[in-house]
Amino acid sequence: MGLELYLDLLSQPCRALYIFARSNNIPFEFKRVQLMKGQHRTEEFRKVNVLMKVPALRDGSFTLAESIAILLYLAQKFKTPDHWYPSDLQKRARVDEYLSWQHANIRAKGSKVFLSKVLLPILTGQPLSAEKLEFLIEDLNVVLKQFEEKFLQDKPFIAGSEISLADLVALVELMQPVGAGYNLFEERPKLAEWRRRVEEAVGKELFQEAHEGIMNIKNLTADQFAPELLESFKQQLLKQRANFLPAQ
């Protein structure tokens with residue numbers, strides 16, 4: 001049994017893994033797990049990842065969860081070019097620094113914009129008010145400013161002159177609110193240029209292929225969800241909305 005990657009390309013971490021593996025010619029079998037159909041909750045998938053989340057990896061009898069762990073595993077097993085996860089201690093520390101920061105910042109804030117602009121109206125029939133959406137966008141703008149000033153600065157890429165895992169993980173996350181209709185690159189020329197460099201480094205065609213689904217996410221309808229998941233997702237989103245939005 002060869003390497004298997006269990007992915008749904010609507011997921012940001014799944015896209016990072018897919019692009020990384022493809023751009024480095026890592027041989028793998030693409031096991032599609034459709035989250036909206038509840039395929040991550042099946043007993044079959046639970047044998048691969050008891051956490052019932054994507055992405056997941058199976059390499060023979062070895063299984064692995066968590067996207068960052070999987071990226072590092074692939075980089076080291078397949079001895080990908082050094083720039084992805086540099087051997088230089090300080091460059092590697094820059095990559096680790098971003099990967100440690102991004103979960104509660106870029107990922108968290110971008111995901112809230114995406115959920116509120118796309119999934120919440122579909123599942124509840126209640127579009128978010130302009131005032132509350134603006135609050136979420138301002139929250140995202142704060143971390144985008146931090147990303148530019150702290151992590152990107154005046155460098156071509158986060159760790160220096162070449163692309164690293166940090167850049168790939170960052171950009172797939174930023175594409176989530178873009179897919180939802182918030183073009184965060186429009187008034188940020190430094191960020192837009194960095195995006196161009198990252199896409200060119202991995203291959204524009206591959207990047208666009210991986211993002212085809214998320215860029216068409218506005219065509220999503222409630223009937224595309226498995227019925228047993230629809231109410232569960234709805235309740236989760238309403239709970240999240242109560243937690244991260246200001247009171248009216």
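Keep in mind that this is a model prediction, so the values were computed, not measured.

*Asks:* How would you explain the overall build of the protein if you had to name every residue and give the values?
*Replies:* Of regular secondary structure, the protein possesses eleven helices and four strands. For 248 residues, the compact-globule estimate of 2.2 N^0.38 gives 18 Å, and the protein sits close to it at 18 Å. Dimensions along the principal axes, computed over C-alpha positions, put the protein at roughly 50 × 45 × 30 Å. Counting the 248 residues in the protein, one finds 50% classified as buried. Expressed as a percentage of contacts within the protein between residues at least 6 apart in sequence, the contacts between residues at least 24 apart total 72%. If you sum the accessible surface of the protein, you get close to 12,400 Å²; carbon and sulfur atoms cover 49% of it. Computing the positive centroid from 33 side-chain charges and the negative centroid from 32, the protein places the two 3 Å apart.

*Asks:* So, the environment of Glu205: which residues are in play, and what are the values?
*Replies:* Relative to the helices and strands, Glu205 is located in helix H9 (residues 204–210). Spatially, the C-alpha atom of Glu205 lies 27 Å from that of Lys109, the residues being 96 residues apart in sequence.

*Asks:* With reference to specific residues and values, describe the domain arrangement of the protein.
*Replies:* What the domain assignment reports for the protein is domain 1 (3–80) and domain 2 (89–237). One C-alpha centre belongs to domain 1, the other to domain 2, and the line joining them spans 19 Å. Listed as interface residues are 20 residues of domain 1 and, on the opposing side, 29 residues of domain 2. For the pair domain 1 and domain 2, the two sides together bury roughly 2,100 Å², of which 68% comes from carbon and sulfur. Of all residues in domain 1, Gln12, Ile19 and Met36 bury the most surface against domain 2, accounting for 31% of the area lost on that side. Taken together, the connections running from domain 1 to domain 2 amount to one salt bridge.

*Asks:* Provide a residue-level description of the side chain of Gln102, including the pertinent values.
*Replies:* Considering the arrangement of structural elements, one finds Gln102 in the loop between helix H4 (89–101) and helix H5 (106–124). A relative accessible area of 2% means that Gln102 is categorised as buried. Excluding anything up to four places from it in sequence, Gln102 contacts Ile68, Arg107, Ala108, Val169 and Glu173.

Basis of the calculations
- Residues numbered from 1 in each chain as written.
- Predicted model: local features only at pLDDT ≥ 70, side-chain atom pairs only at ≥ 80, totals over all residues.
- Heavy atoms only, no water.
- Helix = DSSP H or I, 4+ residues; strand = E, 2+ residues; numbered from the N terminus.
- Rg over C-alpha atoms; globule rule 2.2 N^0.38 Å.
- Buried < 20%, exposed > 50% of the residue type's maximum accessible area, 1.4 Å probe, protein only.
- Contact = heavy atoms within 4.5 Å.
- Areas by Shrake-Rupley, 256 points an atom, 1.4 Å probe, with all protein chains shown as cover.
- Lys, Arg positive; Asp, Glu negative; His and termini not counted.
- Charge placed at Lys NZ, Arg CZ, Asp CG, Glu CD.
- Domains from an automatic or database assignment.
- Buried area = accessible area lost by both parts, 1.4 Å probe.
- Salt bridge = Lys/Arg side-chain N within 4 Å of Asp/Glu carboxyl O.

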